[in-house]
Structure formats: C-alpha cells, structure tokens
Amino acid sequence: MNKIYIAEDDRSIREELLQLLKNAGYAAEALTDFQDPAEKIISAAPDLILLDINLPEINGELILKEIRRKIDVPVIMVTSRNSATDEALSLSYGADDYITKPYDPTILLLRISAVLKRSSNKASNRTYNGLRINPAKGALISEKSEIILTKNEMIIFQLLLDRQGEIVTRDELMTALWDNNEFINDNALTVNISRLRVKLSDAGQENAIETRKKQGYILK
Amino acid sequence: MKITEFFKDRIFLYISYAAALGIILLFMNAFHADAQLIIISAAIFIIMIIVTEAWEIIRKKTFYDDLKNKLDGLDRKYLISEMTEIPDFAEGKFICEIFRETNKSMCENIAAYRRNSAEFREFIEMWVHEIKLPVSSLLLMCHNNRSEINEKFLEQLIRIDGYTDTVLYYSRSENAEKDYLIKEISLQRTVSNIAVKNREILLLHNISLQTEGLEKNVLTDGKWLEFILGQLISNSIKFISPLREPEILISAEEFSDKTILKYRDNGIGIPESDIPYIFEKSFTGENGRNGTRSTGMGLYIVKNLCSRLGHKISVNSQKGRFTEFEIIFEKNDFYKFD
C-alpha cells in the first residue's frame, strides 16, 4: 500500500483529504504541527507528498527544496493562488506535478496514481487472456487476429485491465478519458463500452466486461 | 487670446484715458496755452498710451497664446502646470502659482484614492484566496460522501467557485497594473484544464465537448485564458437550446501572423440586434432577460482581459442555431524569450 503524506494547514481540507485518500486505498498521514515540517515528512518515509505551497511560517517551496536535498520522493504541489508564476516556480523547484485549489477530487486521485506509476516504473499489465496490448498502435493482438481499438476504447480497456477483477466506476472511467483530452458525455461512454465489448467478443473474449448495476464495470 | 477681446476688456481704461485727455485739453485751453504745446502734450500722451498698451498686448498675448497652444496639444490636460513657463507679469505669476497649488492638491487626492483602490484590490485577492479553502473543503466532502443531494450541492459549489473567479478577474481587469505573464502556452493544455475544471457541470447537462487542432502554442497568460474560456463555457451552459443535444466545439487555426481560437456552441444563439452590445458592461439583452438571469458582466470582463492581453475577440451568431466566438492571438517575436 502506498503511503501519502499531506502537508496542508487548513484543518477541514486536511481531514477530508485523509478520508479521500483512505477511501481510495492509500495509507495517508498528515502534518498537524508545523514545527520543522521537512524533518517530520522525511521521517515518515512516504511514497508521495502532497504539499501546499502556502504553509504557516514556512513556505512550501522551501520545504520542497529541503526534502529534495535529502530524499527523492515524488511531490505534488497544491497552489491556491491563481497565477501562472506559482506553477512555474513549483515545477522549477522540482515538484513532479501541481494542482490548483479548488481541485476536482477525482482528478487529484488520477494525478496521484499517475505520479506514483511514473516513479515506480511499474509497467501496466501488457497482456489479457492471451491478447497482447500494443498501446502505440492502439491494437489488441492475438495469434489469429488483430483488433484495432479507438483511442477512447484503449483508455477504457487499459484502466479496466490495470484494475482487473476490481470494480471501476463510470466516474473513474470518465476521469481517465477527460484527463486524456477526450471530453465525452455519458451517452458516448455507454456507446464506447458497448463497442469495446463487441470487439472483445470478436476476439473470442465473450462477456469479458461485466456490468455491476449502480457500481461500475469489472474486467474478468 | 484675441486682440479685440483684450481691448474690450480694457474699455473702461480707455474711456478714462480719453476723459483725462479731454479735461487736460480743456484746462490748457482755459489757461490760453500755446496751440503747439497743446498738440505736443496730447501727442506725447497718446503715443505713451499706445506704446504701453502694445507692450502689454505682446506680453500677455505670448503668454496666453503659449498656454492655449500647450493645452490643446496636451493629451493629459492636467499636466499644463508642469508645462507653463512663469511669465514676468504679476497676474501671470499668480495664475501659475494657483495652477501649481491646485495640481499638487489633486495629485495628493489621486494618490489617496490609488492607495485605497490598491488596498481594496489586495483585500479582494486575499479574500478570493481564502474563500477557495472552504470551497475546496466542501468539494472534498461532497466527494467523500457521494449521494444524490451532494450532486446538487456540487453543482452549486461550482457556481460559487465560478462567481468568485469573476470577482477576482474583474478586479484584475479593471486595474492599471500589469499583473499578467505572457509566455508560450499550449492551447491543448489550457482547454484541457478548463474542461476538467467544468467536468461535473458539463456532464450534468450532458454536453459533449469536442476539440480540433489544438496542438498549437500561443502567446498569452494561461490563467487569464482559462478564465476567458470558462466564462464562454458558463454562457453556453446558460443558453442551451432545448431542441437538440448540446455540443461545444473548440478549434484552432494557425496562420503566418496569427492563431485563431474558435469557440462554438449550438445553443439558442444571440438575436442580431443584441450582437453589437454583448461585450458592453451590464448589457443583458433578450437572452439575459428571458429565463436565466444574467448580470452582463461576464463578457465585459472577457473583452477587457482580451484587450489587455492584446488579443482580439469577436462574435458571430445566428438566433436559434449557434454562437461562435473567435479569439485572435497575434504572433509577436517581441514577447518570445527562452
């Protein structure tokens, strides 16, 4: 289980963030006392740090510099000032990503999993029941045939495959699509999923995607 | 200053000169003064008056003409006191003194207002920054406790967030200080940011958002452009046509000297008679009065921000069919630095 450390001074946001991350299956811890924050963060040995740029007394950017000097752990900066300079600064100090308040919680989770994936270099599952996945080509390749998926179908299939055997909600699928510049609506998602089902059963994978009413989808 | 005006102004003086000369001549005649003496005295009197009057005219005319010329030539009339040279006659010196005094007092007054408005603006920026905290917190709460009622809360929260941004950008757009940062921005990333930010509300209205050819960079301030697009999206949502499935298309076209960003929706459109006024402050038009309430500020701020960034914005619409905005980004090597 990945451990995420939160440095955020607003108590209410901090508690909701802890809840959000725990619900999403992470171990989450937060800074509650802002004396010597860098030391406390480092000693907690997290897998990822969510760092607010405006902390009391000490600037988030300075903490980031201090942490970076000692350990190499991915950091996502949270800014609330609406200016371009903050973003440029946080990246130049070595943050892996930044997100502006108020953020969409699903986007935050998506960014966290993207940064964690990048840092652990965990290659996503490349085969499914004998079908080899070629994301560059957008194709599922079996010994007999090759099925071409559209960009949307590929995004959906990869997310389902990454979490094979788990329920993936429509909202999560939607988030993944939107984060990849595919701003589709609800109807289009339904259409994409049914097309993906047809293509999978053409490849001999009948009923691969199961619908769980009011919950989401599972790739078996 | 016209010469006739000068004479008219001194008519009383001339009458009294004439009267004095008449009386002197009358007395001289009564004392049986020599005719030649009378003529010479009268001539000297008249010549002296002409000379002094001519001297007076030249002095004043040069001063006042100069003053008038400078005033006409000045873009900011209040700078006149800095521009006038102090003349050598008392009246002129007095006027210059008054100019300087009133100008100084006006500058002090303006400085006080400027301080006030800067303080007010700082307060607004700080306030917006603070209000984002409870909004963030509420967004997270809605997410952590998913239910139907929270979906509704979420929609209202997004509205609150949108309105706060309007306050922030109104205060920024009205301010004379330069607080934007122009650099190369990816249109793809900007559109993606704003789409994701409005995701819940777009999906709630089942709007499909399509993009085309956005793999281009433009010179602008990313945050300001995001706000501009956000305003256009919130207008599209307000004016959805009930007759068809709502669609928004954002596309870009690049030319040698400019890049054009096109934003098109298939909403109810704008009546032709309203089109020339939609960027004006507080203009609500037919659409604003029917149905959704509108403050008439959104597009005014959009236009203001565009012109401050040096972009041109225009609109094309057909009532009942579509509305299309075009933002033109000029290409200017001057801003480019690596």
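For the structure, see preceding data.
A quick note: this is a predicted structure, and the numbers were derived from the prediction, not measured. (Residues numbered from 1 in each chain as written. Chains lettered and ligands numbered in written order. Predicted model: local features only at pLDDT ≥ 70, side-chain atom pairs only at ≥ 80, totals over all residues. Heavy atoms only, no water.)

A.B. asks: So what about the packing of helix α1 (residues 11–23) of chain A against helix α5 (residues 105–120) of chain A? Which residues, and what values?
C.D. replies: Residue and element names in this part refer to chain A. The interhelical angle for the contact between α1 and α5, taken along N-to-C directions, is 60 degrees, at an axis separation of 11 Å. In terms of their interaxial angle, α1 and α5 are classed as oblique. α5 is crossed by α1, and the crossing has right-handed handedness. Packed against α1, whose contacting residues are Leu17, Leu20 and Leu21, the element α5 presents Pro105, Leu108, Leu109 and Ile112 at the interface. (Axes fitted to C-alpha atoms, helices over the stretch in contact; angles between N-to-C directions. Helix = DSSP H or I, 4+ residues; strand = E, 2+ residues; numbered from the N terminus. Parallel < 35°, antiparallel > 145°, perpendicular 65-115°, else oblique. Left-handed = near helix turned anticlockwise from the far one by under 90°. Contact = heavy atoms within 4.5 Å.)

A.B. asks: Kindly report on the nonpolar core, identifying the contributing residues and their values.
C.D. replies: Ranked by size, the top nonpolar core spans 108 residues in total, and within it Leu17(A), Ile112(A), Phe157(A), Leu173(A), Trp178(A), Leu261(B) and Phe325(B) carry the most contacts. Among the elements that take part in this core, helix α9 (residues 222–238) of chain B stands out by supplying 8 residues, more than any other. If you look at the next biggest cluster of nonpolar residues, it comprises 20 residues, including Tyr5(A), Ala7(A), Val75(A) and Ala95(A). (Core = buried A, V, L, I, M, F, W, Y, C linked by side-chain atoms within 4.5 Å. Buried < 20%, exposed > 50% of the residue type's maximum accessible area, 1.4 Å probe, protein only.)

A.B. asks: Summarise a nonpolar patch on the surface; cite the residues concerned and give the values.
C.D. replies: A grouping of Phe120(B), Phe123(B), Met126(B) and Trp127(B) is seen on the molecular surface, where their side chains present a nonpolar patch of about 430 Å² in accessible area. Among the secondary structure elements, Phe123(B) is positioned in helix α5 (residues 90–144). (Patch = residues over 30% accessible without salt bridge, like charges linked within 9 Å, V, L, I, M, F, W, Y side chains within 5 Å. Areas by Shrake-Rupley, 256 points an atom, 1.4 Å probe, with all protein chains shown as cover. Salt bridge = Lys/Arg side-chain N within 4 Å of Asp/Glu carboxyl O.)

A.B. asks: So what's going on with the sheet that holds strand β4 (residues 75–79) of chain A? Which residues, and what values?
C.D. replies: All names here are of chain A. One open sheet holds the 5 strands; their spatial order is β2-β1-β3-β4-β5, and the pairing between them is parallel. Two strands in the sheet have a free side with no partner beyond their single neighbour: β2 (27–30) and β5 (97–100). Geometrically, the sheet is characterised by an average inter-axis angle of 20 degrees between neighbouring strands, direction not taken into account. Of the strand pairs in this sheet, strand β1 (residues 3–7) and strand β3 (residues 48–52) are connected by 4 bridges, and their pairing is parallel. Within the sheet, the bridge partner assigned to Ile6 lies in β3 and is Leu50. Where α1 meets the sheet, its contacts fall on β1, β2 and β3, and the angle it forms with β2 comes to roughly 165 degrees. Taken strand by strand, α5 contacts β1, β3, β4 and β5, and its axis lies near 175 degrees from that of β5. (Pairing = 2+ DSSP bridges.)

A.B. asks: Let's hear about the pattern of salt bridges: which residues, and what values?
C.D. replies: Residue and element names in this part refer to chain B. Per the stated rule, a full pass over the model turns up 32 salt bridges over all chains. Measuring nitrogen to oxygen at the nearest pair gives 3.7 Å for the salt bridge that ties Glu324 to Arg264. Linking Glu324 in strand β7 (residues 322–330) with Arg264 in strand β5 (residues 258–265), this pair joins segments that are 60 residues apart in sequence. Overall, the relative accessible area of 14% leaves Glu324 in the buried class. Classification of Arg264 by relative accessible area gives partly exposed; the value is 32%. Among the charged side chains, a network of salt bridges with common partners joins Glu56, Arg59, Lys60, Asp88 and Glu91.

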